[in-house]
Amino acid sequence: MLSRKLFCAVEAVLYIAYNGGRGAIASRDIAVRQGLPPRYLEQLMQRLVRGGILRGVRGPHGGYLLARERRRITVGDICAVLNEDKDDEENAGGTKLGAAVILPVWEKAHKQTMDYLKQVNLADLCEEATKKQIRKDAEEKMDFAI
């Protein structure tokens, strides 16, 4: 299942990939855009830094950049970094019925989903955003062009 936390993390990384050509992007800007408390998103961003998805930049113009090229980061990579369901998986299937019947189905569905998400990279998603004519932030803030 797609949790709110995972959705927010993928959207934040995609936002950086789509808009990050001009430099680091502050997590507070992304948090405001997503309507999230900045501290909540900052925790996710730090996990993504530790997982090698993002790179943190300190200083007055600090924020986050992609740690690798867009085509080398998949949605599956982001999911793997944020996979916090290990405890839930260990506790799942508490009965014989659940362990023998439901858990194998759930594991198969999870594997198929992850196999698909490992094929979808950020470059693909950025291309899709462009096709859908989603404007980049730099374009939205521009009053005029010379």
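Residues numbered from 1 in each chain as written. Predicted model: local features only at pLDDT ≥ 70, side-chain atom pairs only at ≥ 80, totals over all residues. Heavy atoms only, no water.

(A) Spatial organisation of the nonpolar core. Among the nonpolar cores identified, the biggest contains 33 residues, and M45, L48, L54 and I78 are the most heavily contacted of them. For this core, the secondary structure elements donating two or more residues are α1 (4-19), α2 (27-34), α3 (38-50), β2 (63-66), α4 (75-82), α6 (96-117) and α7 (122-131). No other element matches α1, which puts 10 residues into this core. Setting aside anything within four residues of it in sequence, one finds L54 in contact with V13, I16, M45, L48, V49, Y64, L65, L66 and A67. (Core = buried A, V, L, I, M, F, W, Y, C linked by side-chain atoms within 4.5 Å. Buried < 20%, exposed > 50% of the residue type's maximum accessible area, 1.4 Å probe, protein only. Helix = DSSP H or I, 4+ residues; strand = E, 2+ residues; numbered from the N terminus. Contact = heavy atoms within 4.5 Å.)

(B) Structural detail: the environment of I78. Checked against the element boundaries, I78 lands in helix α4. In sequence terms I78 and G52 are 26 residues apart; their C-alpha atoms lie 9.4 Å from each other. Apart from residues no more than four positions distant in its own chain, I78 is found in contact with L6, A9, V10, V13, L48, I53, I73 and L122.

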